[in-house]
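Commentary on secondary and tertiary structure
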Amino acid sequence: MLKTRIIPTMLYKDFGLVKGTGFDSLRAVGSAMQAVKVYNLRNVDELVFLDVTATLQGREPDYSLVDDLADDCFMPLTVGGGVRTVDHVRRLLEVGADKVAIGSACVESPDIVGAAAQRFGSQCVVAVVDVKAAPDGRPVVWTRSATNPTVLEPAALARTLEDAGAGEILLQSVDRDGTMTGYDIETLASVTAAVSIPVIASGGAGNFDHMVAALEVGAAALAAGAMYHFTEQTPMEAKAHLGRAGYPVRR
């Protein structure tokens, strides 16, 4: 059985890391390099680094910053934000990213997933699906840091992205982001049932039981940000708890 991955998420805005709620990332939480060094010591399985303003500002990824972070990162590093072309993917991989997260472009330029997977392999293509409730309450996909609603249903988009060649899905709940009230289990269950590739649950983790609940509906990995920034809970404690609950983890 594959090991459950514990993945801290780092959200980068302008000059440092931020964390808020509902993708409203207003609170500064430190330097990216310092966070990488801390997570190196804490034996996390992977890191996700997302530049949350790159797409909105029409910028490419900050390759120099990623290069610096990758030099000090001793675990697999997934990088996203501003990725709109296969050349952006190539350059991120060249400067040290192990995987590239593609979000808005999955919807706006859907051919990028297949092209990137064909050129570099599905294992390094992470398709990001941001989900937020529509006015009628239905969960729908949003793009551009959850500023642009679509009519796309999350599970249907996830299937399309899997068929295109994505290696895994990063499913982010905008409504749960930063709240520490638990993952969006209903949407997570629908997406994991729709695809055969790994699904990373993200948005809402506040304690280890929330993580267990996500695994019970099929999540392959567990991303969290606020939980590690604003509580005393650690990735190693998460692994211990999940191990006691019967889920295989990397020690």
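In this numbering scheme, every chain counts its residues from 1 along its sequence in written order. The predicted origin of the model limits local features to residues at a pLDDT of at least 70 and limits the giving and counting of side-chain atom pairs to 80 or more, whereas totals for whole chains, interfaces and linings rest on all residues. Here the side-chain values reflect all heavy atoms present in the structure, with hydrogen atoms and water set aside.

So, the overall build of the protein chain
A tally of helices and strands in the protein chain yields 10 helices and 12 strands. Just to be clear, the radius of gyration here is over C-alpha atoms, and the globule rule we use is 2.2 Å times residues to the power 0.38. Its C-alpha atoms give the protein chain a radius of gyration of 16 Å, within 12% of the compact-globule value 18 Å for 251 residues. Principal-axis analysis of the C-alpha atoms gives the protein chain an extent of 40 × 40 × 35 Å. Considering the protein chain as a whole, with its 251 residues, one finds that 54% of them fall into the buried category. Of the contacts formed within the protein chain by residues at least 6 apart in sequence, a portion of 66% connects residues at least 24 apart. Each accessible area value is a Shrake-Rupley result obtained with a 1.4 Å probe; residue values ignore everything except the protein chains displayed when judging cover. Roughly 10,600 Å² of accessible area belongs to the protein chain as shown, and the carbon and sulfur atoms make up 50% of that amount. Here Asp and Glu are counted as negative and Lys and Arg as positive; His is not counted, and neither are the chain ends. One atom stands in for each charge, and that atom is NZ of Lys, CZ of Arg, CG of Asp or CD of Glu. Each charge class in the protein chain can be summarised by its mean position, and for the 22 positive and 30 negative side chains these summaries are 2 Å apart. Secondary structure elements are taken from DSSP: a helix is a run of H or I of four residues or more, a strand is a run of E of two residues or more, and numbering for both begins at the N terminus. To sort residues, take the accessible area from a 1.4 Å probe on protein chains only and compare it with the maximum for the residue type: under 20% means buried, over 50% means exposed, and anything in between is partly exposed. We call two residues contacting when some pair of their heavy atoms lies within 4.5 Å.

Quick word on the environment of Val-18
Here Val-18 lies in strand 2 (residues 16-21). Given a relative accessible area of 7%, Val-18 falls into the buried group.

A few points about helix 3 (residues 86-94)
Where helix 3 is concerned, the buried positions are Val-86, His-88, Val-89 and Leu-92. One side of helix 3 holds all its buried residues, which, seen down the axis, span an arc of 155°. Of all possible arcs, the one meant is that of the directions from the helix axis to the C-beta atoms.

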